[in-house]
Amino acid sequence: MKHEISPSVKINSMSTQESDLEAPYIVVFKDKDKVYSKAIWALLSAKNVQIKEAQDLNQLKSLATNAILIIVPLQTNEDSQPHLPDIKQENPRIVCDILAFLPEQTASEDRMAVLAEGYDGVFNQNFIDYPVFKKLITQRLDKGMISLRNRRQQEEYKRFKSALSASPDAFIVLDEDNKLFFVSEHYKKAYPKNRDKLIRGLDINAAYDILSAEQEVFPGDPRYNAMKQFWLDPKGSIEFSTSNGRTWRLTAQPLSDGQGTIVTTTDITSYLQQKKQLEIQAEALSEALEKEQEASAVQKQFVNMVSHEFRTPLSIIDGHAQILQRRAEKLSPTDVHERAGIVRSGVSRLIGMMEGILSSNMLQSGKMNLVPQDIDVRDILNELCNEHVNLSGKVNIERDYYSVPSKLNLDPKIITLSVGNVISNAVKFSAKETHVKVAAEFEDDILTVTVSDQGIGIPENELKQIFKRFFRSTVSSGIPGTGIGLNLSKSLVELHGGTIEVESELGKGTRFTLTFKIASSL
């Protein structure tokens, strides 16, 4: 038997490292003088098939994994060569046929014996020259090609499946016909009752009905129709809520070359909760910033107001002090006494403002404490009334507090500051020759002080704001004040366990009611 090698023949002694993607090849085991390699190539010269030679068993095992046919020349059925069909049992990745070739005169009985050892075919060497052998060997090669292709596809799918299974995401891969191709393990965990039904090739309509039933979303539910429309033509994103209170976002992305679609499912419940919390915090911060800006503006206004309020009595004091200094010998005792009274009034006004500001700051910082002692409230009220009558020179103060016990356990500073601020307002906002009434009574361990005036009154829509720090009524324009007096009075009264209330009618007057609990009842 003599065969020539055609120009396209390619016979190689290959290394054990081959690429899975290289051209198909036949492996010939221990082909002395390349007899079988040349004979096979003579038959298959027109096919794009390589022939590789394996010189030992290890090289054969390596090459066999991606071979489409293995040819093993044998001398007799008693040959000492290894039992080669076993390599297919040892390595399931070998999917091609293993053909044994025996010497030309081998009897049929011997061929049958070799075939019984597990070879996929046994031939005498001279069979290669038969015309029908080319057809037979071509069929074996086609079979090997199909088997190798199928094995590679299965392996690729397994690798793909393993890689996707390792993903922490929940997703479904649909093929070009909108049928299930792959369902991730994390997706299946969301449907424990029906996870085994999510098999490759299942139509998405059937899959949706199975999964929506497990989520208790049935036809007639708006969510059912919206989600089904998405699955029938998966594009973009959609969000939906389940009966257990979770919210999910589905996002569809087309695969390359129109091979299908991957739909990822993300539980965004925590994200939405955090988003809502951030929105609440942002709103709170915005409100806090707005309040801070408002407070800053009010404080700036307060500073300007206080600067003006301090400047006025200081100017009065300085003016009359200069007159007294330069013209003391020329002034009559009455004039000196009058001017000294004006200076004293200015100083008293400054002291009152300073005490109010300091006390307000102490209350704001929590540094002011209740210091009760036995006092005669009537004396304190008398001093306050006399002081404001002398300072104003325009208002009469009616007094009705003499029925109050001579000794009550109260904080004298709190009584003086809180009631003094209210009397000061009553005097400031009253016209000349009008009356202010200060009354007090004691009952059930509670001292009640009322201050009424016939002044300009307070607009009804401002009554709720009258006790806010730095607030000044719209009717107070041109009248001295810092806007902290009533706020201070309210804080001091509450520190003493009491309350302060106001009644007013615009143009007719105002009435403040202050209550104080004696220290023993606090």
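For the structure, check the block above.
Positions within a chain are numbered from 1, following the residues in the order the chain's sequence is written. Confidence filtering applies because this is a predicted model: local features only for residues at pLDDT of at least 70, side-chain atom pairs given and counted only at 80 or more, and all residues used for totals across whole chains, interfaces and linings. Remark: hydrogens and water are excluded; side-chain values derive from all non-hydrogen atoms of the structure.

## Some points on the side chain of aspartate 175
Alright, step 1. Helix and strand assignments come from DSSP, with helices taken as H or I runs of at least 4 residues and strands as E runs of at least 2, each series counted from the N terminus. When you line up the elements, aspartate 175 lands in strand E7 (residues 170-175).
Alright, step 2. The contact rule is simple, with two residues in contact once any of their heavy atoms fall within 4.5 Å. Leave out the neighbours within four places in its chain, and aspartate 175 touches Phe181, Gln259 and Gly260.

## Examining the pattern of salt bridges
Alright, step 1. By definition, a salt bridge exists where a carboxyl oxygen of Asp or Glu is found within 4 Å of a side-chain nitrogen of Lys or Arg. Here the structure, examined in full by the defined rule, presents 16 salt bridges.
Alright, step 2. Note that arginine 140 and aspartate 97 form a salt bridge whose closest N and O atoms lie 3.0 Å from each other. On the criterion of sequence distance, the pair formed by arginine 140 in helix H5 (residues 131-165) and aspartate 97 in strand E5 (residues 97-102) is long-range, its members being 43 residues apart. Just as arginine 140 is buried, aspartate 97 falls in that class too.
Alright, step 3. Arginine 246 is the salt-bridge partner of aspartate 267, the closest N and O atoms lying 2.9 Å from each other. Here aspartate 267, found in strand E11 (residues 260-267), pairs with arginine 246, found in the loop between strand E9 (236-241) and strand E10 (247-254); they are 21 residues apart in sequence, far enough to count as distant.
Alright, step 4. Salt bridges linked by common partners bring Arg93, Arg151 and Glu155 together as one network. In this scheme, a residue with accessible area under 20% of its type's maximum is buried, one over 50% is exposed, and one in between is partly exposed, where area comes from a 1.4 Å probe on protein chains only.

## Remarks on helix H2 (residues 57-64)
Alright, step 1. Looking at H2, one finds that the buried residues are Gln59, Leu60, Leu63 and Ala64. For H2, the buried positions fall inside an angular range of 130 degrees around the axis, keeping them on one side. Working definition: the arc comes from the directions between the helix axis and the C-beta atoms, pointing outward to the latter.

## Side note on empty space enclosed by the protein
Alright, step 1. The way it works is a 1 Å grid over only the protein atoms, where trapped points that fit a 1.4 Å probe form a cavity and open points with protein on both sides within 12 Å along at least five of seven lines form a pocket, and then any residue with an atom within 4 Å of a point lines it. Grid points are joined across faces, edges and corners, and a volume is the space filled by probe spheres set on the points. Under the definition given, this model contains one cavity of 30 Å³ or more.
Alright, step 2. Here the largest cavity is characterised by a volume of approximately 30 Å³.
Alright, step 3. Looking at the largest cavity, the residues that line it are Ile68, Val95, Cys96, Asp97, Arg140, Lys143, Gly144 and Ser147.
Alright, step 4. Looking at the lining of the largest cavity, the element that brings in the most residues is H5, giving four residues.

## Looking at the packing of helix H7 (residues 204-214) against helix H8 (residues 222-232)
Alright, step 1. Angles run from 0 to 180 degrees between N-to-C directions of axes, and those axes are lines fitted to C-alpha atoms, restricted for helices to the stretch in contact. Relative orientation of the contacting elements H7 and H8 amounts to 150 degrees, with a least axis distance of 10 Å. Taken together, H7 and H8 sit at an angle that is classed as roughly antiparallel. The crossing of H7 and H8 is right-handed. Facing H7, whose interface residues are Ile204, Asn205, Tyr208, Asp209 and Ser212, H8 presents Arg223, Tyr224, Met227, Lys228, Trp231 and Leu232.
Alright, step 2. Considered class by class, the residues forming the contact of H7 with H8 number six nonpolar, two polar and three charged. An angle below 35 degrees is treated as roughly parallel, one above 145 as roughly antiparallel, one from 65 to 115 as roughly perpendicular, and anything else as oblique. A clockwise turn of the near helix away from the far one marks a right-handed crossing, whereas an anticlockwise turn of less than a right angle marks a left-handed crossing. In the scheme used here, Gly and all other residues not listed as nonpolar or charged are polar, with Ala, Val, Leu, Ile, Met, Phe, Trp, Tyr, Cys and Pro taken as nonpolar and Asp, Glu, Lys and Arg as charged.

## Overview of the sheet that holds strand E8 (residues 180-183)
Each strand in a sheet pairs with its neighbour through backbone hydrogen bonds, running either in the same direction (parallel) or in the opposite one (antiparallel).
Alright, step 1. The five strands lie next to each other as E8-E7-E11-E10-E9, forming an open sheet whose pairing is antiparallel. Edge positions in the open sheet fall to E8 and E9, since each of these has one partner strand only. Averaged over all adjacent pairs, the angle separating strand axes in this sheet is 20 degrees, with direction ignored.
Alright, step 2. Following DSSP output, two strands are said to pair if at least two bridges run between them. Relative to E8, E7 runs antiparallel, the two being bridged by three bridges. Pairing of isoleucine 172 across the sheet is with valine 183, part of E8.

## Thoughts on the pairing of E5
Taken residue by residue, a regular strand's side chains alternate between the two faces of the sheet.
Alright, step 1. Counted residue by residue, E5 has six buried out of six residues, so it is predominantly covered.
Alright, step 2. A two-sided burial pattern is seen for E5, the buried positions comprising Asp97, Leu99 and Phe101 on one face and Ile98, Ala100 and Leu102 on the other.
Alright, step 3. Pairing analysis gives five bridges linking strand E4 (residues 69-73) to E5, with the strands arranged parallel. Within E5, the residue paired with valine 72 across the bridge is alanine 100.
Alright, step 4. As paired elements, E5 and strand E6 (residues 121-124) share four bridges and run parallel to each other. Bridging across to E6, leucine 99 finds its partner in glycine 121.
Alright, step 5. For the segment spanning E5, helix H4 (residues 108-115) and E6, crossover handedness is right-handed. Assignment of crossover handedness uses the view with strands pointing away from the viewer, where a clockwise path from the first strand over the helix to the second indicates a right-handed crossover.

## Observations concerning the packing of aromatic side chains
Alright, step 1. What counts as a ring pair is set by centres within 6.5 Å for rings of Phe, Tyr and Trp (its six-membered ring), and what kind of pair is set by the plane angle: stacked under 30 degrees, edge-to-face over 60, tilted for all other angles. Taken as a whole and judged by the stated rule, the model has 13 aromatic pairs.
Alright, step 2. Both rings, one in tyrosine 157 and one in phenylalanine 181, keep their centres 5.4 Å apart while their planes meet at 80 degrees; by these two values the pair is edge-to-face. Here phenylalanine 181 lies in strand E8 and tyrosine 157 lies in helix H5, a separation of 24 residues in the sequence.
Alright, step 3. Their ring planes at 50 degrees and their centres at 5.3 Å tell us that tyrosine 208 and tyrosine 224 sit as a pair that is tilted. Of this pair, tyrosine 208 sits in helix H7 while tyrosine 224 is found in helix H8, placing the two residues 16 residues apart along the sequence. Residues tyrosine 208 and tyrosine 224 agree in their burial class; the two are buried.
Alright, step 4. Positioned above the aromatic ring of tyrosine 25, the side-chain terminus of lysine 52 is 4.0 Å from the ring centre.
Alright, step 5. Geometrically, a charge over a ring is one whose NZ (Lys) or CZ (Arg) sits within 6 Å of the ring centre while staying within 35 degrees of the ring normal. The aromatic ring of tyrosine 157 is capped on one face by arginine 200, whose charged end is 4.2 Å from the ring centroid.

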